[in-house]
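If you want the building blocks of each chain, they are given just below.
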Amino acid sequence: MNLETFFKPQTMKGKWIKLAATGFGIGFAPVAPGTAGTLAGIPLFFIFSSLSWPGYLFFAACFTGAAVYLARSAEVLFAKKDPPCIVIDEITGFLWTMFFVSSTLIHVLLGFILFRSFDIIKPFPVRSFQDKLPGGYGIVGDDVMAGIYSNLVLQIVIRYFAI
């Protein structure tokens, strides 16, 4: 996937969908677009981390719903199954990783490392979400599960090591 594909003639709606699904173009990073997408989730987490936990949960749930729609729509526009340039799923997964976690640099760094690890390794049943769910649900579902796994481990590490 390259920038030429991104700028193919299309509707304004299609351009906005591609822009949002690629994390405003960060998904076109020449190396490790998923990692770049996760990095794009960090400022978003910092912006919304001051919400109460119900507010953050509501935000994360709404963002996940939007991500499913955008990922499915972008997959159709790019005419490729789960193209690497779609990184809205990594952003979403990172937001779930950081649920109930304070916004310290060490927590964000640990969350980033854990999320990338679970997203790459895809332990059971993470891979089945990607393989068995259709369209945007599969694109985003595995990252949400990786984020939940990451969050659980992060909660244990924070409490056990008093970080």
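A brief report on the enclosed structure follows.

What counts, and where the lines are drawn
Residues numbered from 1 in each chain as written. Predicted model: local features only at pLDDT ≥ 70, side-chain atom pairs only at ≥ 80, totals over all residues. Heavy atoms only, no water. Salt bridge = Lys/Arg side-chain N within 4 Å of Asp/Glu carboxyl O. Helix = DSSP H or I, 4+ residues; strand = E, 2+ residues; numbered from the N terminus. Buried < 20%, exposed > 50% of the residue type's maximum accessible area, 1.4 Å probe, protein only. Core = buried A, V, L, I, M, F, W, Y, C linked by side-chain atoms within 4.5 Å. Contact = heavy atoms within 4.5 Å. Expected span 1.5 Å × (residues − 1). Phe/Tyr/Trp six-rings, centres within 6.5 Å; stacked < 30°, edge-to-face > 60°.

Moving on, we come to the pattern of salt bridges. The final tally for this structure, using the stated rule, is 3 salt bridges. The closest approach of N and O atoms between R116 and D119, which form a salt bridge, is 2.7 Å. Remark: D119 and R116 occur in helix α6 (residues 105-121); sequence separation between them is 3 residues, near one turn of the helix. Both residues of the pair, R116 and D119, belong to the buried class. The partner of K122 in a salt bridge is D119, and the shortest N-O contact between them spans 3.1 Å. Here K122 and D119 have matching classes, each one buried. Through salt bridges with shared partners, a single network forms among R116, D119, K122 and D142.

A cis geometry characterises the amide bond from F124 onward to P125, with omega recorded as 0°. Of note in the backbone geometry, A32 takes a positive phi value of approximately 50° without being a glycine. Within the fold, A32 resides in the loop between α2 (12-21) and α3 (33-48). Here the phi dihedral of F100 falls at roughly 65°; this positive angle occurs in a residue that is not glycine.

Judged by nonpolar contacts, the single largest core of 39 residues is most densely connected at F45, Y56, I86, I88, F94 and M98. What F45 contacts, discounting residues up to four positions off in sequence, is Y56, F94, L95, M98, V101, S102, S103 and V108.

Bringing α6 into the picture now. Since the α-helix turns once every 3.6 residues, residues separated by three or four places project in the same direction. Helix length check: α6, at 17 residues, gives a terminal C-alpha distance of 24 Å against a target of 24 Å (1.5 Å per residue), a fit within 8%. Along α6, the residues classified as buried are H107, V108, G111, F112, L114, F115, R116, F118 and D119. In this structure, the buried side of α6 is in contact with α3, α5 (88-97) and α8 (135-160). Within two residues after α6, K122 carries a phi angle of roughly 55°, on the positive side.

As a further point, take the packing of aromatic side chains. Any two aromatic rings considered together are summarised by their centre-to-centre distance and by the angle between their planes. The tally for this structure, following the rule as stated, stands at 13 aromatic pairs. In this structure an aromatic cluster arises from ring pairing among F45, F46, F48, W53, Y56, F59, F63, F94, W96, F99 and F100.

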